[in-house]
Amino acid sequence: MRHVNKVEQVKPFLLLAIRAEDAAADNEYESFLTLAGLEESQLRRVRLERRALGDVDLGDWSGILLGGGPFNYSDPEELKTRVQRRVEVDLSGLLDKVVSADFPFLGACYGIGALGRHQGAVLDRRFAEPVGAVEITLTPTGQRDPLLGQLPATFEAFTGHKEAISRLPGHAVLLASSAGCPAQAFRVGANVYATQFHPELDVAGLCTRIEVYKHAGYFEPDQADEIKAQATRSDVSWPPAILRGFIDRYGQRRRERAQAG
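Predicted model, so just to flag it, every value in this text is computed and none were measured. (Residues numbered from 1 in each chain as written. Predicted model: local features only at pLDDT ≥ 70, side-chain atom pairs only at ≥ 80, totals over all residues. Heavy atoms only, no water.)

Student: Teacher, can you tell me more about the pattern of salt bridges here?
Tutor: Close approach of charged atoms allows side chains with opposite charge to pair. Scanning all chains against the criterion turns up 16 salt bridges. Taking the shortest distance from any N to any O, the salt bridge between D90 and R86 comes out at 3.6 Å. You can see D90 and its partner R86 sitting in helix 3 (residues 82-101), four residues apart, about one turn around the helix. Residue classification places D90 among the buried residues on the basis of a relative accessible area of 17%. The network of salt bridges with common partners includes D22, R47, E49 and R50. (Salt bridge = Lys/Arg side-chain N within 4 Å of Asp/Glu carboxyl O. Helix = DSSP H or I, 4+ residues; strand = E, 2+ residues; numbered from the N terminus. Buried < 20%, exposed > 50% of the residue type's maximum accessible area, 1.4 Å probe, protein only.)

Student: Just to check I follow, could you spell out the environment of A241 for this structure?
Tutor: With respect to the helices, strands and loops of the structure, A241 is situated in helix 8 (residues 240-260). Remark: the alpha-carbon pair of A241 and S31, spanning 210 residues in sequence, is separated by 13 Å. When near neighbours in sequence (up to four residues on either side) are disregarded, A241 contacts Q150 and L151. (Contact = heavy atoms within 4.5 Å.)

Student: Would you mind showing me how to read the side chain of D75 here?
Tutor: Residue position: D75 is located in the loop between strand 3 (63-66) and helix 3. Among the residues examined, D75 registers a relative accessible area of 18% and is labelled buried. Leaving out residues up to four positions away in the same chain, D75 has contacts with K80, Q84 and R125.

Student: When you look at the sheet that holds strand 4 (residues 105-108) in this model, what are you seeing that I'm missing?
Tutor: Strand pairing in a sheet relies on backbone hydrogen bonds. The paired strands run either parallel or antiparallel. Pairing is mixed in the open sheet, where nine strands are placed in the order 2-1-3-4-11-10-9-6-7. Here the strands that pair on one side only, and so sit at the sheet edges, are strand 2 (43-47) and strand 7 (154-161). Across the sheet, the mean angle from the axis of one strand to that of its neighbour is 25°, orientation sign disregarded. (Pairing = 2+ DSSP bridges. Axes fitted to C-alpha atoms, helices over the stretch in contact; angles between N-to-C directions.)

Student: Explain the pairing of strand 9 (residues 173-178) to me, please; I cannot follow it from the model alone.
Tutor: On a regular strand, one side chain projects to one face of the sheet and the next to the other, so that they alternate. For strand 6 (residues 129-138) and strand 9, the ladder comprises three bridges, and the chain directions are antiparallel. Within strand 9, the residue paired with L138 across the bridge is A176. Counted along the chain from strand 9 to the antiparallel partner strand 10 (residues 181-188), the turn is two residues long.

Student: Which parts of the structure should I look at to understand the nonpolar core?
Tutor: Generally speaking, a soluble globular protein has its nonpolar side chains buried in company with each other. Ranked by internal contacts, the top residues of the largest apolar core, which has 34 residues, are L16, I64, L91 and V98. Only strand 1 (13-17), strand 3, helix 3, helix 4 (110-119), strand 10 and strand 11 (192-195) provide two or more residues apiece to this core. The element contributing the most residues to this core is helix 3, with six residues. Excluding residues that lie within four positions of it along the chain, L91 makes contacts with L16, L48, L66, Y73, Y110 and A114. L33, F155, A185 and F197 belong to the second-largest nonpolar core, a separate cluster that totals 30 residues. (Core = buried A, V, L, I, M, F, W, Y, C linked by side-chain atoms within 4.5 Å.)

Student: Help me understand the packing of aromatic side chains, please; the structure alone is not making it clear to me.
Tutor: Pairs of aromatic rings are described using the distance from one ring centre to the other and the angle between the two planes. A full pass over the atoms with the stated rule returns six aromatic pairs. For the pair Y73 and Y110, a centre-to-centre distance of 5.1 Å together with 20° between the ring planes defines the contact as stacked. On the criterion of sequence distance, the pair formed by Y73 in the loop between strand 3 and helix 3 and Y110 in helix 4 is long-range, its members being 37 residues apart. A relative accessible area of 6% means that Y73 is categorised as buried. Residue classification places Y110 among the buried positions, given a relative accessible area of 3%. (Phe/Tyr/Trp six-rings, centres within 6.5 Å; stacked < 30°, edge-to-face > 60°.)

Student: How should the pairing of strand 10 be read in this particular structure?
Tutor: Burial runs high along strand 10: seven of the eight residues are buried. Pairing between strand 9 and strand 10: four bridges, direction antiparallel. For A176, the partnering residue across the bridge sits in strand 10 and is A185. Two elements, strand 10 and strand 11, share four bridges in a ladder whose sense is antiparallel. Directly across from A185, in strand 11, lies its bridge partner T195. The hairpin formed by strand 10 and strand 11 contains three residues between the paired strands, and G189 there has a positive phi angle of roughly 65°.

If you want it as structure tokens, here you go:
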């Protein structure tokens, strides 16, 4: 039996993005690449605000990542754009496959809304959080989780969202909370994850998004400089460990299967 190079056997990860602004979209992609330790060939991006997702063969990928953006599931239906409604339909169809197969998935911010809505969570505006760092606390189950359990019981992470999950369905596993948001992370099955906070976001990335979304209603525009200053005083070094753990866990699993074959 011929053994080929491991790198050739590892399937790429898929990043699904919804940010229409190039500065924010490209920074998000760079952040995922840098903080996950991936090359561009290992992380393929699809910008859903530009085109329909189409059929996704899960067998082509090591795992799927879903980033954040300005869409909200709790927006009134009559105010949602055609693109926003199409993205919701596309993601619902994809999550049918992902959850059924217990396929590796990690959604961040908008991603927790997508997975939460798909799984029957209550998603509303009760637990919005301002842009900036918050203290995240792992639940006892989160402290034992293969991905989040490598982090301290409490750590700082960047958030900034207008909607959040106020109640999870019974089958979902709550992994983390914060004082202002009861569902900061949860898991469905063994491999389907979502976080309200951003594991892919560092200080520079947050400052980019503050500029891009200065007039998007997350904060008063004249507060932008102060929010940036507060961000520089934050320690958000732990959340990227979730991203790296996801890549290592599911990329390694694919490598081991390839070697066994």
